[in-house]
Amino acid sequence: MTAMVLDGILPAERAVRSGPPHPLGNDGSWRVYPRTEQEIRDLLTHADREGLQVTVSGGGTKRGFGGQRKRYDLEISLAEYKGVIEHRAGDLTMTVHAGTPIRELAEVLAAHGQMLPADPRWPGSATIGGVIAANDTGPKRLAYGAPRDFVIGVRAATPDGRILRTGGKVVKNVAGYDMNKLWIGSMGTLGILLEVTVKLRPLPPDRGLLLIGFPAGAQGEIQTYVNRLQASSLEPVALEVLNPSLSARMAGWERDTLAIAFEDRPEAVTYQLERAEAERSGMTESVVMRGREAEDWWMRFAEITPDATASIDPERPLISAKVALKNTDVAAFVGKATEQAVQRKLEAFVHGGAGHGISRVYVRGEQEPVLHYLQVLRTFVEKRRGSLVSDQMPLSWRKHFDVWGYQRIPRSLMEGIKQSFDPNRTLNHQRYAGGI
Amino acid sequence: MFRKKERHSDPLIRKLMKLVGKEHVLHRQADLVAYECDGFTLQRGKARAVVFPGETKEVSAVVRLLHRERVPFIARGAGTGLSGGATPLGGEVIISLVRMKKLLRVDLDNRTAVVQPGFVNLKLTQAISKDGYYYAPDPSSQYACTIGGNVAENAGGAHCLKYGVTTNHILGAEVVLPDGEVIRLGEDGIPDQPGYDLLGLITGSEGTLGVVTEITVRILKAPEGKQTILAYFDDVEDGSRAVSDIISAGIVPAALEMMDRTAIEGVEAANFPVGHPLDIEALLLIEVDGIEAGFQSEAEDIVDVCRKWNVREVKVAKDEQEAAAWWANRKTGFGAMGAISPDYLVQDGVIPRSRLPEVLNKIRAISQETGLRIANIFHAGDGNLHPLILFDAQKPGEKEKALQAGSRCLKACADAGGSITGEHGVGIEKKEEMRFIFTDEEIEAQTRIRSVFNPDNLLNPDKLFPQPGRCAEVKQEIKEQQGLKV
């Protein structure tokens, strides 16, 4: 790969020769910043023809997520391929370039009283394309769903030069296969997302947040409370369990905490906060926030740790993992992950959605104890038929830890799908589950 | 005493009988008639046999046999599909899943239920309503259609606007692949299984990627309350504008349905009349639900919006009985067309809801040009139109004219940036119309995926995708071969 080659496709100032390889991996010898669909398509087909290995990035927040290669030949950054293409406010849909940061979208939408039904991490830098490709979700998934629920159309480039549209621009559509699903969570192994059409929601008229602090080790009590709440007709948009060290930062007390959010008309928020508060036992303490204050709390929650663009402590890097379990196993998992961290003298923030099944672990420490810790958690999780995927880890550690874990989907189907989009393994090779 | 064993002359039938029991195979011509089509009755074909497995192992064994012998096959539920997805084209073995109709497990704390594919949609809600839960996807045929069929079609319903369609409620499945291998996706309904989202891909694949033999679904807690509002408009455009304004007011109703004058004439002449005036141009049936304190004020806002758009009359259901009567009147709307027309064809286009007035005008023009009455019943909130084309199959040429009018309605939806089907599927009915919205390359990307699962195209062959080839003459010829003269 030479600058001259890239020059023909895009101006020299948008092709940068990279420095030393990033400790998180998933960068390229060259990083290019295309601004048009034609440039992206040309770069990709050129690479495919020449046998060059390509990786794709947005805000760089997922750089430590998966991948075995020391380096790719080319990193196609979509950081300059951004902006709203069409916001059909009356239809509650929007089409945007894949490189648009979540916060930029949110700001455009808020001006129209609308929102993207998603609360992924690091909204200031994470892009819509990256959130979809990595299937990143936040606590409010309970009410608003995941990318598989809000992505209604995609335009993508495949390495053989095809531009494929999947889905459409309407909120209900069963014409042909639901190919949109293939882009979600597939780590850019099938094509480069160019444009995404999403379903929107009206901004809630009001928000309420109730934080309940439980005595240490009261996982059983949290679960009982959650079950009672879930069996009532209240409609929480988040039911997130936080471990004591995360609570110390987010709630100001070092207890297990349940964060319960309600978003509705003001009278309905008030009513639900009161009912939820009335249900808690005397052993607990609580705090209530409303409106802007509640929203700001969730904004801080989306940035519990710095994203992958922050500088990395090579001895004690920040490691994160996403855990999927049955809802009723979440509180127990948060307890287990906390207890195991304490035993190993590791610093760990753990939280999990008791209504949607996704938990997250952020841990800092040396390689051996941390990897052992994750292995113990994975055993706990897989015994309950769930999964643990590490979505941030330095490349050198990934040689010793299979970030994706046990694969239940037959390899032939995974390979077959990859083959039908990217037969030459040009895109994000070895970055995905099963070494795809 | 020896009784002469009845041996069927077709060795395949004998093998099938051996796998599932003689009494669970139909093969006599007279018995196969009922399986010549599904709810899309304009095209029929003959199956080779119908087999009724009782468990996954039997499904897998039957599929293995058919795969080995290179015999095409189709999975079928209740046969309520409206696009011919379960209709044999000739010589397929139909695997009917109606014997696999158990509700296997309910887990209220995790809000999941596990059902066999032949379990009827409405029965799930009936089974869990005593505990205050329900299953959200509610296609109009829910009293008969099976959840397995709902997965195949990614079925919708009146309440998708707020709660989503089938795919948003499917958490796991056991699937028999076209070679007989059994796989499980989304263990225990746990989300985000690492790997491509095969569950999402199979949902809505119209039975061409695998046979679903067990399904884990999400169940929801019934809302604290709901309110149903009925509004009569003298002008369709006023009704459409009211729809847009309700949405832009930040309200997400649980349902937002519209019927036009012809549709109202039908439902009032059928089994569940509720006394709608016959001289109005459009009615809206709106449901809001959730926390009482919230939806009460939403209902008030909706009434205000309707008044702003010159509503003739707007009323809130005074009790559950009244709301139920309005809904029964709406939900049986398709069948009600039988009261005012010998035959009807249901279409299923989707448009961005802001284009409603424009597309309705186009449909009106199609009606005038073809001389066929077209009733409109639709999920206005999500832009899913159901033009009902009224015709008389006894009159020479009318069926063809109806099909053509249907196709033109879909073209109008596609031209407005919409889709050719929102919930009924492509089946055999809309194969060619796929070209209204997808390029050859985009269709090929999908058939490549089909080949990954179903390389020999033995499972539900020749559905969903148009025949390859661009030129109009070829398409014309194909339609003629299918008996659908264009």
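Conventions we followed
Residues numbered from 1 in each chain as written. Chains lettered and ligands numbered in written order. Predicted model: local features only at pLDDT ≥ 70, side-chain atom pairs only at ≥ 80, totals over all residues. Heavy atoms only, no water. Helix = DSSP H or I, 4+ residues; strand = E, 2+ residues; numbered from the N terminus. Rg over C-alpha atoms; globule rule 2.2 N^0.38 Å. Buried < 20%, exposed > 50% of the residue type's maximum accessible area, 1.4 Å probe, protein only. Contact = heavy atoms within 4.5 Å. Domains from an automatic or database assignment. Buried area = accessible area lost by both parts, 1.4 Å probe. Salt bridge = Lys/Arg side-chain N within 4 Å of Asp/Glu carboxyl O. pLDDT = per-residue confidence, 0-100. UniProt positions renumbered as here; feature names shortened; annotations may be inferred. Phe/Tyr/Trp six-rings, centres within 6.5 Å; stacked < 30°, edge-to-face > 60°. Lys NZ or Arg CZ within 6 Å of the ring centre and 35° of its normal. Axes fitted to C-alpha atoms, helices over the stretch in contact; angles between N-to-C directions. Parallel < 35°, antiparallel > 145°, perpendicular 65-115°, else oblique. Left-handed = near helix turned anticlockwise from the far one by under 90°. Nonpolar A, V, L, I, M, F, W, Y, C, P; charged D, E, K, R; others polar. Disulfide = S-S within 2.5 Å. Pairing = 2+ DSSP bridges.

Draft legend 1. A look at the overall build of chain B. Scanning chain B for helices and strands turns up 17 helices and 19 strands. Taking 23 Å as the expected radius of gyration for a compact globule of 486 residues, we find that chain B reaches 23 Å, a close match to that expectation. Structurally, chain B occupies a C-alpha span of about 80 × 55 × 50 Å along its principal axes. Counting the 486 residues in chain B, one finds 63% classified as buried. For chain B, restricting intrachain contacts to residue pairs at least 6 apart in sequence, the fraction spanning at least 24 positions comes to 72%.

Draft legend 2. Here's a closer look at the domain arrangement of chain B. Structurally, chain B comprises domain 1 (11–96), domain 2 (103–221), domain 3 (225–415) and domain 4 (443–481). Using only C-alpha atoms to locate each centre, domain 3 of chain B and domain 4 of chain B end up separated by 34 Å.

Draft legend 3. The interface of chain B and chain A, seen in detail. Between chain B and chain A, the contact holds 85 residues from the first and 72 residues from the second. Both faces combined, the contact of chain B with chain A buries some 6600 Å², and carbon together with sulfur accounts for 56% of it. It is B:P194, B:Y196 and B:I291 that lose the most area in chain B upon contact with chain A, and together they represent 13% of the buried surface on that side. Here chain B is connected to chain A by eleven salt bridges.

Draft legend 4. Highlighting the confidence of the model for chain B. On average, residues of chain B score 93 in pLDDT, and 95% of them are at 70 or above. Note that pLDDT drops below 50 for residues 470–475 of chain B; the model gives that stretch four contacts with residues more than four away or on any other chain.

Draft legend 5. Quick look at the UniProt feature "domain: FAD-binding PCMH-type" (unreviewed entry) in chain A. Per the UniProt record, the feature "domain: FAD-binding PCMH-type" (unreviewed entry) sits at residues 23–203 of chain A. Across residues 23–203 of chain A one finds 23% helix and 27% strand; the C-alpha atoms that close the span lie 39 Å apart.

Draft legend 6. Focus on the UniProt feature "domain: FAD-binding PCMH-type" (unreviewed entry) in chain B. The UniProt feature table records "domain: FAD-binding PCMH-type" (unreviewed entry) at residues 43–222 of chain B. The straight-line gap between the two end C-alpha atoms of residues 43–222 of chain B is 40 Å; of that span, 21% is helix and 24% is strand.

Draft legend 7. Main features of the packing of aromatic side chains. This structure, assessed with the given rule, holds twelve aromatic pairs over all chains. Taken together, the aromatic side chains of A:F65, A:W404, A:Y432 and B:Y196 make up a single cluster linked through ring pairs. Between the NZ or CZ atom of A:R69 and the centre of the ring of A:Y72, over which it lies, the distance is 5.6 Å.

Draft legend 8. View of the packing of helix 13 (residues 356–370) of chain B against helix 14 (residues 398–415) of chain B. Residue and element names in this part refer to chain B. Running from N to C, helix 13 and helix 14 cross one another at 160 degrees; their axes reach a closest spacing of 10 Å. In terms of orientation, helix 13 and helix 14 fall into the roughly antiparallel class. Considering the relative orientation of helix 13 and helix 14, their crossing is right-handed. Seen from helix 13, the contacting residues are V359, K362, I363, I366, E369 and T370; seen from helix 14, they are K401, A405, R408, C409, A412, C413 and D415. For the contact of helix 13 with helix 14, the class distribution of residues is seven nonpolar, one polar and five charged.

Draft legend 9. Region of interest: the domain arrangement of chain A. All names here are of chain A. Annotation of chain A at the domain level lists domain 1 (1–203), domain 2 (206–301) and domain 3 (318–398). Facing the seven residues of domain 1 at the interface are eleven residues of domain 2. Buried surface at the junction of domain 1 and domain 2, summed over both partners, amounts to about 780 Å²; 61% is from carbon and sulfur atoms. When the buried surface of domain 1 facing domain 2 is broken down by residue, P139, K140 and L142 rank first, second and third, together holding 66% of it. For the pair domain 1 and domain 2, the interface holds one salt bridge. For the side of domain 1 that touches domain 2, the element with the most residues is helix 5 (residues 141–144), which contributes three residues. Of the residues belonging to the side of domain 1 that touches domain 2, the class tally is five nonpolar, no polar and two charged.

Draft legend 10. Region of interest: the state of the cysteines. Residues and elements named next belong to chain B. Here the structure, examined in full by the defined rule, presents zero disulfides over all chains. The structure places no disulfide on C37, whose sulfur is separated from the nearest cysteine sulfur, that of C145, by 17 Å. Note on C145: no disulfide assigned, nearest cysteine sulfur contributed by C160 at a separation of 12 Å. For C145, a relative accessible area of 2% corresponds to the buried category.

Draft legend 11. A look at the pattern of salt bridges. One pass over the full model with this rule turns up 66 salt bridges over all chains. Of the charged contacts, one joins A:D296 and A:R292 as a salt bridge, the two residues approaching to 3.2 Å between their closest N and O atoms. Taken together, the residues span about one helical turn, with A:D296 and A:R292 both in helix 11 (residues 291–301) at a distance of four residues. Between B:K411 and B:D415 there is a salt bridge, with the nearest N and O atoms lying 3.0 Å from each other. Taken together, the residues B:K411 and B:D415, both in helix 14 and four residues apart, mark about one turn of the helix. Looking at B:K411, the relative accessible area reads 35%, which means it is partly exposed. The network of salt bridges with shared partners includes A:R385, B:R105, B:E174, B:R184, B:E187, B:D188 and B:E214.

Draft legend 12. Inspection of the sheet that holds strand 1 (residues 15–17) of chain A at higher detail. All names here are of chain A. Across the sheet, four strands lie side by side as 1-2-4-3; this open sheet has mixed pairing. A strand with exactly one partner marks an edge of an open sheet, and here the two such strands are strand 1 and strand 3 (54–57). Neighbour to neighbour, the strand axes of the sheet diverge by 25 degrees on average, direction disregarded. For strand 2 (residues 28–32) and strand 4 (residues 72–77), the ladder comprises four bridges, and the chain directions are parallel. In the strand pairing of strand 4, V32 is matched with I76. Its contacts with the sheet put helix 2 (residues 37–50) on strand 2, strand 3 and strand 4, and the angle it makes with strand 4 is roughly 170 degrees.

Draft legend 13. Highlighting the side chain of A:T338. Residue and element names in this part refer to chain A. Following the sequence through the fold, T338 ends up in helix 12 (residues 330–343). Judged by its relative accessible area of 14%, T338 falls in the buried class. Dropping the residues within four chain positions of it, T338 is found in contact with N243, P244, V350 and Y373.

Draft legend 14. Focus on the pairing of strand 2 of chain A. Note: strand 1 of chain A against strand 2 of chain A, three bridges, orientation antiparallel. In the strand pairing of strand 2 of chain A, A:R17 is matched with A:W30.

Draft legend 15. Representation of the sheet that holds strand 6 (residues 112–115) of chain B. All names here are of chain B. Spatial ordering of the open sheet is given by 5-6-10-8-9, a layout of five strands whose pairing is antiparallel. The open sheet has two free edges, formed respectively by strand 5 (103–107) and strand 9 (182–185), since each of these has just one partner strand. Along the sheet, successive strands turn relative to each other by an average axial angle of 10 degrees, direction set aside. Relative to strand 6, strand 5 runs antiparallel, the two being bridged by four bridges. Within the sheet, the bridge partner assigned to V106 lies in strand 6 and is A113. Its contacts with the sheet place helix 3 (residues 56–68) against strand 8 (170–176), strand 9 and strand 10 (211–218), and it is angled at close to 50 degrees to strand 8.

Draft legend 16. Highlighting the environment of B:A339. All names here are of chain B. Tracing the backbone through its elements, the reader meets A339 in the loop between helix 12 (333–336) and strand 16 (343–346). Sequence separation between A339 and R64 is 275 residues, and the spatial gap between their C-alpha atoms is 46 Å. Sequence-distant contacts of A339, that is, excluding residues within four places in its chain, are made with G266, A269 and A270.

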